[in-house]
Amino acid sequence: MIPGPFSYHRLATLADAVKLLSTLGDEARPLAGGHSLIPMMKLRLATPEHLVDLHGIAGLKGIRRDGNNIVIGAMTTQHELLGSEEIANSLPILHETALLIADPQVRYRGTIGGNVANGDPGNDMPALMMTLGASFQLEGASGSRQVAASEFYQGAYFTALEPGEILTAISIPVPAAGHGYAYEKLKRKVGDYATAAAAVVLTMSGGKVETCAIGLTNVHETPLLAADAAKAVIGTNLDQAALKNAASAAEAIMSPAADARGPVEYRKHVGGVMVMRALQRAASRAR
Ligand SMILES: Cc1cc2nc3c(=O)[nH]c(=O)nc-3n(C[C@H](O)[C@H](O)[C@H](O)COP(=O)(O)OP(=O)(O)OC[C@H]3O[C@@H](n4cnc5c(N)ncnc54)[C@H](O)[C@@H]3O)c2cc1C
């Protein structure tokens, strides 16, 4: 329960933080809200020798509109997402998902940047970011680059982030007006990670699904985009057959771990149920 020894650094500029992280290499980790990293350090599952705290760096916080995108600074907390009118109006599924993360104490400190950079398959934001077609702005010693959320996750706790790189912002295209949305999360109790969860964003026209994206949380070592499941409902009125086809297509790409949240078959089954519920609720909200 006590972390190993580490040096703590708090820098005032992004350039200084990038420089220090690049110099220290694999021995250093950025520190955001600390609500994933510090528990891992207490369990000695992470043993960084240096923590570079990002809290002193101006410009890493905030929510702004840039044309048809919402740009969110990496150090924006989940609590701040919940308080944002821009998010409630333009990206209501992000509001809904943030509310399902942990509890108020965790949400006061935990940041959206830490949630997506962490690489834990149990984090809720990554699958949502993939569903929304988001991209991540990364800043490193060799400059800045933008990586699509759909290409960011490579394995459990393994992402496209190079050692020394800092995720500075997340850019999310605003979904079409009148879109339907839902994040369905099955958890054992309030404050728990998902046994399985599904994000759906869709548009309807004439009672039929016109466009659809489906993301899956905690049913694989990375978040998943369920492209075949989405395809299975396009052009349908989401009747029982279409819902079941989507659930089967989603289950076909799931490979959850058997753990305290249940055996593999159970987690795949409830993953399919989450997909069906999210599709139905999203359709009921579409205009
Ligand atoms: C009791 C409890 C329940 C929880 N339940 C849930 C849940 O249901 N769903 C959920 O999604 N999460 C849950 N969490 C995790 C929580 O949301 C974390 O806050 C989040 O995963 C990490 O964000 P953070 O700001 O705390 O990051 P930190 O813990 O500081 O960092 C996490 C990792 O990301 C790296 N990192 C952080 N910021 C950056 C950056 N800007 N650039 C590059 N790397 C960075 C760090 O080096 C570290 O490796 C829970 C946590 C607790 C303690």
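The preceding data block contains the structure.
Procedures and definitions
Within each chain, residues carry numbers counting from 1 in the order of the written sequence. In view of the model being predicted, local features appear only for residues whose pLDDT reaches at least 70, and side-chain atom pairs are presented and counted only at 80 or more, with totals across whole chains, interfaces and linings using the full set of residues. Computation of side-chain values: all heavy atoms of the structure, hydrogens and water removed. Here a residue is near a molecule or strand as soon as one of its heavy atoms is found within 4 Å of it. Throughout this description, a polar contact denotes any pair of N or O atoms lying within 3.5 Å of each other; where both atoms belong to protein, one of them has to be capable of donating a hydrogen while the other can accept it, and for residues adjacent in sequence the pair is counted only when both atoms sit in side chains. We get accessible surface area from the Shrake-Rupley algorithm with a probe of 1.4 Å; when it comes to residues, only the shown protein chains can shield them. Detection works on a 1 Å grid of protein atoms alone, calling trapped sets that fit a 1.4 Å probe cavities and calling open sets with protein on both sides within 12 Å along at least five of seven lines pockets, with lining residues defined by an atom within 4 Å of a point. Cavities and pockets are treated as containing a molecule whenever more than half of the molecule's atoms lie within 2 Å of their grid points. The nonpolar class holds Ala, Val, Leu, Ile, Met, Phe, Trp, Tyr, Cys and Pro. Asp, Glu, Lys and Arg form the charged class, and all remaining residues, Gly among them, are polar. Grid points are joined across faces, edges and corners, and a volume is the space filled by probe spheres set on the points. Per the convention used, a helix needs a DSSP run of H or I reaching at least four residues, while a strand needs a run of E reaching at least two, with both numbered from the N terminus. What a helix is expected to span follows from its residue count: subtract one and scale by 1.5 Å. Here the term buried applies to any residue with accessible area under 20% of the maximum for its type, exposed to any over 50%, and partly exposed to those in between, with areas from a 1.4 Å probe on protein chains only. Directions from the helix axis toward the C-beta atoms define the arc. Note on contacts: a residue pair is in contact if any heavy atoms of the two residues lie within 4.5 Å. What makes two strands pair is DSSP finding at least two bridges between them. Fitting a line to C-alpha atoms yields each axis, with helices limited to the stretch in contact; the angle taken between N-to-C directions then spans 0 to 180 degrees.

Chemist: Talk me through the site of the ligand; I want residue IDs and the actual numbers.
Modeler: In the vicinity of the ligand, 31 residues are found, and the nearest of them are Pro30, Ser36, Leu37, Thr111 and Asp124. Gln78 places a side-chain nitrogen or oxygen 3.3 Å from an oxygen atom of the ligand. Expressed as a share of its isolated accessible area of 960 Å², the protein-covered part of the ligand is 91%. In this structure, the ligand is accommodated by the largest pocket. Considering only residue class, the shell around the ligand consists of 14 nonpolar, twelve polar and five charged.

Chemist: Lay out the layout of surface pockets with the relevant residues and their values.
Modeler: In this model, the largest pocket occupies a volume close to 1,200 Å³. In terms of lining residues, the largest pocket is bounded by 50 residues, among which Arg29, Pro30, Gly114, Ala117 and Asn118 are the most central.

Chemist: Residues and numbers for helix H10 (residues 240-252), please.
Modeler: Taking 1.5 Å of rise per residue, the 13 residues of H10 would be expected to cover 18 Å, and the 18 Å separating its terminal C-alpha atoms lies within 8% of that figure. Restricting attention to buried positions, one finds in H10 the residues Ala242, Leu243, Ala246, Ala247, Ala249 and Ala250. What you see down the axis of H10 is that its buried residues fit within an arc of 165°, all on one side. Exposed and oriented more than 90 degrees from the buried face of H10 are Lys244 and Ala252. In this structure, the buried residues of H10 make contact with strand S13 (208-217), helix H9 (227-233) and helix H11 (264-285).

Chemist: Mind laying out the sheet that holds strand S10 (residues 166-173), listing which residues take part and the relevant values?
Modeler: Working definition: the strands of a sheet are paired by backbone hydrogen bonds and lie parallel or antiparallel to each other. Taken in spatial order, the five strands of this open sheet run S4-S5-S10-S6-S7, and their pairing is antiparallel. This sheet does not close on itself; its edge strands, each paired only once, are strand S4 (63-66) and strand S7 (143-148). Pairwise comparison of adjacent strand axes, ignoring direction, gives a mean angle of 25° for this sheet. The sheet contact formed by strand S6 (residues 135-140) and S10 spans five bridges and is antiparallel. Across the sheet, residue Gln137 finds its bridge partner in S10, namely Ala169. Docked against the sheet, helix H1 (residues 14-24) engages S6 and S10, running at close to 120° with respect to S10.

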